[in-house]
Every structure is written in C-alpha cells, then in structure tokens.
Amino acid sequence: MASSETPKGQEKPAERPLIMRYAARSDVGRIRSKNDDSAYVGRHLAVVADGMGGHAGGDVASASTVLDMIHLDHDDYPEGADTVLADEIQTANSLLSELVHQNPKLSGMGTTVTALLLEGRKLHFAHIGDSRAYRLRNKKFEQVSIDHTFVQRLIDEGRLRPEEAETHPHKNVLMRVLGDVDASPELDLDVLDVEPGERWLLCSDGLNYVAGHVVERMVRETKDLRECAEILVDLTLEAGAPDNVTVVMLEIAEETDDDVNTAAVDVVPAAAIAAVDEPEAVTATKSADDLAADKAAQSTKAESQAKAARDADAGSSFSTGDPGDKNDETEAASSDESTEPPTTTDPHLGEHLSAEVLREELASRPHELVGAAATAAETGSIPTVAGRTVARRAATVLTHKAEQDRVEVEEPSRRRVPWLMPAVAAVVVLGVVVGLWLGYAWTQTRYYVGEYDQRVAIFNGISQRLGPIQLSRLEAVTDIRVDSLPEYGQQSVRQTVPAGDIDGAQDIVENLRNTGSASANCPSTTPTATASGSATPTPTPSATVPIPSTAAVASPTPSPVPTPCEAAK
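Since the model is a prediction, treat every value here as computed from it, not as a measurement.

About the criteria used
- Residues numbered from 1 in each chain as written.
- Predicted model: local features only at pLDDT ≥ 70, side-chain atom pairs only at ≥ 80, totals over all residues.
- Heavy atoms only, no water.
- Buried < 20%, exposed > 50% of the residue type's maximum accessible area, 1.4 Å probe, protein only.
- Helix = DSSP H or I, 4+ residues; strand = E, 2+ residues; numbered from the N terminus.
- Pairing = 2+ DSSP bridges.
- Arc of directions from axis to C-beta.
- Contact = heavy atoms within 4.5 Å.
- Polar contact = N/O pair within 3.5 Å; in protein donor to acceptor, adjacent residues only side chain to side chain.
- Core = buried A, V, L, I, M, F, W, Y, C linked by side-chain atoms within 4.5 Å.
- Axes fitted to C-alpha atoms, helices over the stretch in contact; angles between N-to-C directions.
- Salt bridge = Lys/Arg side-chain N within 4 Å of Asp/Glu carboxyl O.

Peer 1: I'm lost on the pairing of strand 3 (residues 45–52) in this one. Help?
Peer 2: A regular strand carries its side chains on alternate faces of the sheet. With 7 of its 8 residues buried, strand 3 lies for the most part within the structure. Bridge count for strand 2 (residues 37–42) against strand 3 is 5 bridges, and the pairing is antiparallel. Residue pairing for strand 3: S38 is matched across the bridge by A49. Count of turn residues in the strand 2/strand 3 antiparallel hairpin: 2 residues. When strand 3 meets strand 4 (residues 110–111), the two strands line up antiparallel, connected through 2 bridges. Within strand 4, the position partnered with M52 by the bridge is G110.

Below, the structure is given as structure tokens:
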C-alpha cells in the first residue's frame, strides 16, 4: 500500500542485473601438433586454462579443469560467492591428482587457470600461472593478473628489467601451477567492483607474441567482441604462433529482456565439424521446443558417436570410461541402490553418461567452449576418475551435484597435512631455541682469565664462539702486562685459564701478579743441597774431635731443573 502512495515520478528504477557479453577463440598455432589450451565463457563465468606437459597430458589438465568449473556459471549464491571460485579451483586440482594416480603416464601434467565469476555488482577473480587478465575501465587499460614465473620474480626483486624478460632463457619457467605436485596451491584472489561497459581480456601466454601496445589498441578500438578476438588470434598467427593461443573477450552489461528470453544452446555433434583443423565448440541458438525435439535424436546418436570417437582417438591422452571398470561399477551400484539408479550392462555406459551429463549442463545456458575442453565435449572423451560408479562420477566431476561424493573429492585427510607439518616444525624450532638458550645461560655462570689489550683480564663466559655470537664478555682488566710475565705465564694467559666463578678468577690473577704463574701450588724456592739417601747437610754437635759440618756420606747429586715457580722467583 505504501508504494501506491509514492508518486511515480519519484520512483527510482531498479538496477538491472549485470551479465557478461562475450566471444572466444582458440587456435593450435603454427608449430604445436595439438591444442593444450581450454576456455569457457558464459554470462557469469569466464575461465582460461593453459595446459602443460606436452604428450604427458597438458590437454587433459586444462580440459578437466575447465569442465569441472562450468557449473559455476550462474548468479544464485545465497551464501555469497566469496570462496566458491577458490574452492572449485582447489577441487579441480584434486581431480588432476586423482587422474595422475589412475594413469601414471599423466604424471607431470599441469595447467594455469585465470577465472572471473560475476555475482551481482562484484567480480570474483582467481589466478595461478602465466595466463593473463587485462581490464579496460574508464579508458584505463591495465594487467590485473601477475605472472607466476621465474622472470617475474626476478623483476619484482629488481634483478631484471621488464624489457629483458621477453628474451630471458627461462621466461617460461612457472613457479605456481595446478597439477599433481601440490595438494593446496596458492592462488591470487580478489573481489573487484564492476561497472557496466568495462571490458576484460583473458588469454593464454600464446598472445604474448603480439606487442602489448597492439593488444591494448585492439581492445580499445574494436567495438565488436567477436571481431576483436578474431583479430588478436590472427595477429598471433602472423607473428609465427609457436604456442597455442586462446583469447576470451567479455564486456560487462546490464541484462535486457532479450537476454532473459534467450533460449539455451546446444553443442553441435563432432561429426558436423570433423573437417575443421582445430575443433571448437560451435553453438547455435534454439528454442525450448527445438531443444526438446532434438533430445531424443541426440540420445540415439550418443552411442555411435562415442564409439566412433573412441576408435578415432585410441591414442589420445584423454581418459575415458574404462570398460574394464564395468563390473566394479555394477557392484557399487547394486550396493547403493537406495541412492542411485541401477546401471545397465552397456559396456560404454560411462562414456555415454558422462558426455550426456556434460551436454545437458552446457545446453542449459548460453556459452562458448573452445580448445581442448571443446574437443573433449564433442568427442565424448571426458577426463574422468575411475573407481566410482558412473552416475556419481559424472555428477561429481562435471557438475558437482552429488553431495556425498564432494567429501571424496575434497580429501579431508590431505587438508590436515598442511596444519600438521607447521605444528611439528614449530615444536622442533622451539626445542632448538630452548636448548640454545639453556646452553647460553650456563656459559654465563663461568669465568676465565685471558688477554685483553696486552693486559691480563677477567672474562665472564667461555672462550668460544657460536657462529657470529661470542659466548663471553669482558668483566675486568688488570694492570698486569702479559709481556711482563714469564714465558710459561704468557702462554697460560693467551690460551686462557678457566675458573669456576669470579673469586677463582681473581685468585688466578693474584697468582700471576705474585708468582708469574696461574697455579697456586708453587714449591719452595729456598736452595738446598741433597745427597743420595735423602741426606741433608746439618751441623753436628760439638765433640772432642771436630768433624767438618759439610762432610757427607756420599757425593752430592746435581740440583734439579728449576720449576716454573722457581724461575719466576
């Protein structure tokens, strides 16, 4: 009722939702034999992935990652999409590890990921690797992503100039990437405000062979997104295109009534585009009635298409449903009949169902799918994980609709490892620190006498060093010059004389002052003459016949060598 009382002239028009207008193209290039790039773009999601590993499975890595994320292309996130994009990329990383565990020949494969997720008036950004994201906003063109490469690190540290990076021999060495080498790779994440009219360019590093100012000029001046994507790829081919190149152009715009009424699209079967050198996802706009009419024909063609694709791609590095897993899948399905429909005996059911689920997912909204991911969707060679029932496998890998299987994919046991290792390391470091501190505290209860500035001095501690740390400090300097001591005393002082406490150290100093020796046990220095049999000369009492007082029973022995104390005297 309150709204009826408000004049229409004062009513503020409601903001229309924002969507992405888009275009995409991928090309194998002039040198490579297959395309390891994959890309998807729709009204709310854009992803570019550049696979690596060559024949080891770069196309598998990029295709599985992109296909694993396509279900995010919507704007219905009741609890917010703050962590959705990052969690999905981490899940895709776990999928790559599972694929490598299933097929060790894929070991070493990896992929970059640069993705945008539009939610309301916010744009969620995630990035890892050296694919790039550029933004043109308010006439300012800038690179939003940061390359996770070795040369970029050198540039950040000031050890390399940006113009030198293009010719550096290690410019393609990646420091961070998705793959089977890290259970929780570090992603660059950000949440950006978005405005209608701003443009974004997502691309693989194959576009780096076109000069940066040329790319900027094309994005600024080419109004049509499709034309802009085509021009950028063509320029790359003219520059030699030694690498695959993938370009996604998108523009943020307000949704219109035509957008709301736009029907879903369908993927053209692979047979219709077999003559194309680099197969890409070709989309066609259809009405809802046409889509329903084609569904029956599509299901009848699925088996023949999948079989033909399997025979044609027998040497492909994509992992398809393994007929050998049929018995395991049938047993798992029979043990879980309460939650899953029964499976049939079709030996190729895994391929058909995976491709069918993927096609249903793609047909539910407008989009473009290019590169290795498009090849996988068209041929039915979907990268999947064996060891799961067919229905769960397809739902989890492609759409993540099976909540029970999400627990399997997330692998909670792996998530605990990053917490355990820092805790163990912290305990070890704490033990070492405590041990060092106790050892140092003990050294400070000791004293010794040594030399300082050519004088006898008292030191607190011990006369050793621990690396750069001196374990003693000067306590007191005496007036006794070291060179005034006998040679033995000088050697003792220079080699340091330990003492249990400060009083012991002072006693040693007094001994040096009085006797020239650090020892307190100095023998008597009164000269005596000794004879064999330990007889000593003594006067005899008076007698009638005087006996000389110096008479001895035996001849005297020579005097012993004087001790250090005697020498000091």
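Peer 1: Is there a simple way to explain helix 6 (residues 212–221) in this structure?
Peer 2: Given 3.6 residues to a turn, an α-helix orients residues that are three or four positions apart in the same direction. Restricting attention to buried positions, one finds in helix 6 the residues V214, V215, M218 and V219. Relative to the axis of helix 6, the buried residues are bounded by an arc of 135° and lie together on one face. Of the exposed residues in helix 6, the ones pointing more than 90 degrees away from its buried face are G212, H213 and E221. The elements touched by buried residues of helix 6 are strand 7 (132–137), strand 8 (140–143), strand 11 (199–203), helix 7 (225–238) and strand 12 (245–254).

Peer 1: What should I look at first to understand the environment of S145 in this one?
Peer 2: By secondary structure assignment, the location of S145 is in the loop between strand 8 and helix 4 (150–156). Overall, the relative accessible area of 4% leaves S145 in the buried class. Distance from S145 to R132, taken between C-alpha atoms, is 5.6 Å for residues 13 residues apart in sequence. The contact partners of S145, leaving out residues within four places of it in the chain, are F125, H127, S131, R132 and A133. For S145, the side chain forms a polar contact with the main-chain nitrogen of A133, separated by 3.0 Å.

Peer 1: Could you clarify how one ought to interpret the nonpolar core in this entry?
Peer 2: Soluble globular proteins tend to pack their nonpolar side chains together in the buried interior. In terms of nonpolar packing, the biggest core is built from 40 residues, with L85, I89, M109 and L369 touching the most fellow members. When contributions to this core are tallied by element, the ones reaching two or more residues are strand 3, helix 2 (58–69), helix 3 (84–102), strand 5 (113–119), strand 6 (122–128), helix 11 (349–363) and helix 12 (372–379). If we ignore the near neighbours within four places in the chain, the residues touching I89 are M69, V113, A126, L178 and L187. By size, the runner-up hydrophobic cluster in this structure holds 22 residues, among which are C203, M218, A229 and V245.

Peer 1: Quick question: what am I supposed to make of the sheet that holds strand 19 (residues 497–499) here?
Peer 2: Neighbouring strands of a sheet are bound in pairs by backbone hydrogen bonds; such pairs are parallel or else antiparallel. In spatial order, the strands read 18-17-16-19; together these 4 strands make up an open sheet with antiparallel pairing. Pairing within the sheet leaves two strands with one partner each, and these edge strands are strand 18 (469–481) and strand 19. Each strand of the sheet is rotated relative to its neighbour by a mean of 40°, with strand direction disregarded. Strand direction decides the pairing type here: strand 16 (residues 447–452) and strand 19, joined by 3 bridges, are antiparallel. When the bridges of strand 19 are listed, Y448 appears paired with P498.

Peer 1: Please clarify how the side chain of N35 should be interpreted in this entry.
Peer 2: Position of N35 among the secondary structure elements: in the loop between strand 1 (18–27) and strand 2. Residue classification places N35 among the buried positions, given a relative accessible area of 5%. At 2.8 Å, the side chain of N35 and the side chain of S26 are in polar contact. Within the structure, N35 has its side chain in polar contact with the backbone nitrogen of D37 (distance 2.9 Å).

Peer 1: Sorry, what's going on with unusual backbone geometry here?
Peer 2: For residues other than glycine, phi is negative in most cases, and the peptide bonds are mostly trans. Although it is not a glycine, K139 sits at a positive phi angle of roughly 65°. Residue position: K139 is located in the loop between strand 7 and strand 8. You will see that Q454, though not glycine, has its phi angle at about 65°, which is positive. In this fold, Q454 is placed in the loop between strand 16 and strand 17 (455–466).

Peer 1: Would you mind showing me how to read the pattern of salt bridges here?
Peer 2: Pairing between side chains becomes possible if they bear opposite charge and their charged atoms approach one another. Counted by the stated rule, this structure contains 27 salt bridges. In this structure, D234 engages R25 in a salt bridge whose closest nitrogen and oxygen atoms are separated by 2.9 Å. Here D234 is found in helix 7, whereas its partner R25 is found in strand 1, with 209 residues between them in sequence. Assessed through its relative accessible area of 13%, R25 is described here as buried. With a shortest N-O distance of 3.0 Å, R220 and E216 are connected by a salt bridge. Separated by 4 residues within a single helix, R220 and E216 lie in helix 6, roughly one turn from each other. Judged by its relative accessible area of 25%, E216 falls in the partly exposed class. Connected through salt bridges with shared partners, the residues R25, D27, E230 and D234 form a single ionic network.

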